Amino acid sequence: MFDVQSDQLQSYIDSADKQKSLYRRTLFIVSISQIFGGAGLAAGVTVGALLAQQMLGTDAFAGLPTALFTLGSAGAALFVGGFSQRYGRRIGLTAGFIIGGIGAIGVIVSAIINSIILLFISLLIYGAGTATNLQARYAGTDLANNKQRATAISITMVFTTFGAVAGPNLVNVMGNFAYSIGIPSLAGPFILAAAAYILAGLVLFIMLRPDPLVIARSIEANQKSNDTRASTTREYTEDKRGIIVGAAIMVLTQIVMVAIMTMTPVHMRHHGHDLGAVGLVIGFHIGAMYLPSLITGILVDKFGRIIMAITSGITLLVAGLISAFAPGDSMILLVIALSLLGLGWNFGLISGTALIVDSTEPSTRAKTQGTVDVLIALSGAAGGALSGMIVAGSSYSTLSLVGGILSIVLIPVVVWARQSKK
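Residues numbered from 1 in each chain as written. Predicted model: local features only at pLDDT ≥ 70, side-chain atom pairs only at ≥ 80, totals over all residues. Heavy atoms only, no water.

Caption draft 1: Representation of the overall build of the protein within the structure. A count of helical and extended segments in the protein gives 17 helices and 0 strands. A globule of 422 residues ought to have a C-alpha radius of gyration of about 22 Å, and the protein, at 21 Å, matches this closely. By its C-alpha atoms, the protein is 70 × 50 × 30 Å across when sized along the principal axes. For the protein, the proportion of its 422 residues judged to be buried stands at 58%. In the protein, of all internal contacts separated by at least 6 residues, the share reaching a separation of at least 24 is 86%. For the protein, the accessible surface area stands at approximately 16000 Å², while carbon and sulfur atoms represent 67% of it. For the protein, the distance from the average position of its 25 positive side-chain charges to the average position of its 18 negative side-chain charges is 3 Å. (Helix = DSSP H or I, 4+ residues; strand = E, 2+ residues; numbered from the N terminus. Rg over C-alpha atoms; globule rule 2.2 N^0.38 Å. Buried < 20%, exposed > 50% of the residue type's maximum accessible area, 1.4 Å probe, protein only. Contact = heavy atoms within 4.5 Å. Areas by Shrake-Rupley, 256 points an atom, 1.4 Å probe, with all protein chains shown as cover. Lys, Arg positive; Asp, Glu negative; His and termini not counted. Charge placed at Lys NZ, Arg CZ, Asp CG, Glu CD.)

Caption draft 2: Looking closely at helix H4 (residues 89-113). Across its 25 residues, H4 extends 37 Å between first and last C-alpha, which sits within 8% of the 36 Å expected from 1.5 Å per residue. Asn-114 sits one or two residues past H4 and shows a positive phi near 55°. (Expected span 1.5 Å × (residues − 1).)

Caption draft 3: Summary view of unusual backbone geometry. Cis geometry is found at the peptide bond from Arg-209 to Pro-210, where omega equals -10°. Structurally, Pro-210 can be placed in the loop between helix H8 (188-207) and helix H9 (212-229). Positive phi, normally seen in glycine, also occurs at Asn-114, with a value near 55°. Position of Asn-114 relative to the elements: it lies in the loop between H4 and helix H5 (116-139).

Caption draft 4: Structural view of the nonpolar core. Grouped together as the largest cluster of nonpolar side chains are 83 residues, with contacts concentrated most on Leu-51, Leu-123, Tyr-126, Phe-190, Tyr-290, Leu-341 and Trp-345. The biggest single contributor to this core is helix H10 (residues 240-270), with 13 residues. Beyond its immediate chain neighbours, meaning those up to four positions away, Leu-51 contacts Val-107, Ala-111, Leu-119, Leu-186 and Phe-190. Counting 13 residues, the second largest nonpolar core, distinct from the first, contains Leu-9, Leu-22, Val-214 and Ala-216. (Core = buried A, V, L, I, M, F, W, Y, C linked by side-chain atoms within 4.5 Å.)

Caption draft 5: Representation of the side chain of Ser-407 in the model. In this fold, Ser-407 is placed in helix H16 (residues 396-407). Relative accessible area serves as the criterion here: at 0%, Ser-407 is assigned to the buried category.

Caption draft 6: Spotlight on the pattern of salt bridges. Considering all chains together, one arrives at 4 salt bridges under this definition. Put simply, Asp-301 and Arg-305 hold a salt bridge, and the shortest N to O gap is 3.1 Å. Among the charged side chains, a salt-bridge network with shared partners connects Arg-149, Asp-301, Arg-305 and Asp-358. (Salt bridge = Lys/Arg side-chain N within 4 Å of Asp/Glu carboxyl O.)

Caption draft 7: Quick peek at the packing of aromatic side chains. Per the counting criterion, the structure on display carries 7 aromatic pairs. Each ring, one from Phe-79 and one from Phe-83, has its centre 4.9 Å from the other, and the planes form 25°; the classification is stacked. Of this pair, Phe-79 and Phe-83 both sit in helix H3 (residues 64-87), separated by 4 residues, roughly a single helical turn. Residue Phe-83 is classed as partly exposed on the basis of its relative accessible area, which comes to 26%. Ring geometry for Phe-159 and Phe-162: centres 5.7 Å apart, planes at 65°, overall edge-to-face. In this pair, Phe-159 and Phe-162 are both assigned in helix H6 (residues 149-169), 3 residues apart and thus about one turn of the helix distant. Using a relative accessible area of 31% as the deciding quantity, one classes Phe-159 as partly exposed. Clustering of aromatic rings is evident, with ring pairs tying together Phe-97, Tyr-126, Phe-190 and Tyr-197. Its guanidinium or amino end placed over the ring of Tyr-12, Lys-18 lies 4.4 Å from that ring's centre, counting from NZ or CZ. Seen from the ring of Phe-205, Arg-90 lies directly overhead, with NZ or CZ sitting 4.3 Å from the centre. (Phe/Tyr/Trp six-rings, centres within 6.5 Å; stacked < 30°, edge-to-face > 60°. Lys NZ or Arg CZ within 6 Å of the ring centre and 35° of its normal.)

Caption draft 8: Expanded view of the environment of Ile-310. The topology assignment puts Ile-310 in helix H13 (residues 305-325). What makes Ile-310 partly exposed here is its relative accessible area of 22%. For Ile-310 and Ser-351, which are 41 residues apart along the polypeptide, the C-alpha to C-alpha distance reads 9.8 Å. In this structure, Ile-310 is in contact with Ile-411 and Val-414, ignoring residues within four places of it in sequence.

Caption draft 9: Just helix H7 (residues 171-180), in detail. Turning to H7, its buried residues are Val-171, Met-174, Gly-175 and Ala-178. Seen from one end, H7 has its buried residues packed into an arc of 105°, which puts them on one side. Summarising the geometry of H7, the exposed residues directed more than 90 degrees from the buried face are Asn-176 and Ser-180. Note on H7: the residue one or two positions beyond its end, Gly-182, has a positive phi of about 85°. (Arc of directions from axis to C-beta.)

Caption draft 10: Representation of the packing of H5 against helix H15 (residues 365-393). One way to put it is that H5 packs onto H15 with a least axis distance of 11 Å and a crossing angle of 145°. Here H5 runs over H15; the crossing is right-handed. Contacts from Leu-134, Gln-135, Arg-137 and Tyr-138 in H5 reach Gln-369, Gly-370, Asp-373 and Ile-376 in H15. Here the contact of H5 with H15 is built from residues that sort into 3 nonpolar, 3 polar and 2 charged. (Axes fitted to C-alpha atoms, helices over the stretch in contact; angles between N-to-C directions. Left-handed = near helix turned anticlockwise from the far one by under 90°. Nonpolar A, V, L, I, M, F, W, Y, C, P; charged D, E, K, R; others polar.)

What follows is the structure, given as structure tokens:
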């Protein structure tokens, strides 16, 4: 089932050097897949709202694509988490990326035949790629110790940057390519997404052997057996409070980030910016979501999960305020605001993820991680759906202010967590 023989499992259980070697190899392979995965997720972020606006003829539902592929990612997160728990990371992550690629192909077809229903269904399926891209960050932590976990998460996210930044900046290129072969230009980035997600899945399927989660579970089982024979009283239980706090941090940052990010392209188009300008701003935003990860991981491991979670809330507040009061024609301020929005999300995701890994054990980790990512995806779907309605009913400035204020809720959440440990 896991493509790992019993004698191979035992060799990893017995050798700390082999465990370290597999840890490094896993990080390398997952990082390669993240380059492709990052390119895949950028398509929906950059032109999803614009494609819906064009096909529906209204701004009120421009946030719906983000809501749909984020909602799809919720179901996919549960599927990938459960599949990984049962069959290992390799099979779970491969399946998720391939399904996401199929969804991207569906979006292209829906644009060609101008089918709203197919667009919505395809966006739900496309969301599997987003969920898998996030779930992959956990694979690097399966064999990491407590002081390596945030750094391991951050390494994989740094590599996501290469694809995620390239994707938005290829909007015009892919749009022109799509138009040249008879496909609507706004569907062009989804051609890149389909190829990128499928390649990410193939990389993991071919290279992620032996499976790090399978090895980690075997090591855990061996440790439990040794503790039993030694008559120790060590308990193997999840830290439910840590899971709740970690999930809350990531849910709040996801709502704020998705809501403001979703409507920024529409806001920019209303102020005369072309697709190239939109791609540039979103490129900076996605770069800030992932590129600082290596430093963030080190900071989270050094200064703690709680301090960096508070920093996340403050950064998102500043981003919301700048977005709210920046003139719509100011590229510089929009780049600053969206970069801070991405950075705040980065702080929250890595500190929250580290808390989740700290609070779980290999025997139940993948399933718990999948469940938490469902909540993150659902919160993103809510943020995406409500963002268009808020802007249509009020303004982009109101949306940004609401998002900034909501981010401050992070502070009492993490303060409560710190007090509970005293």
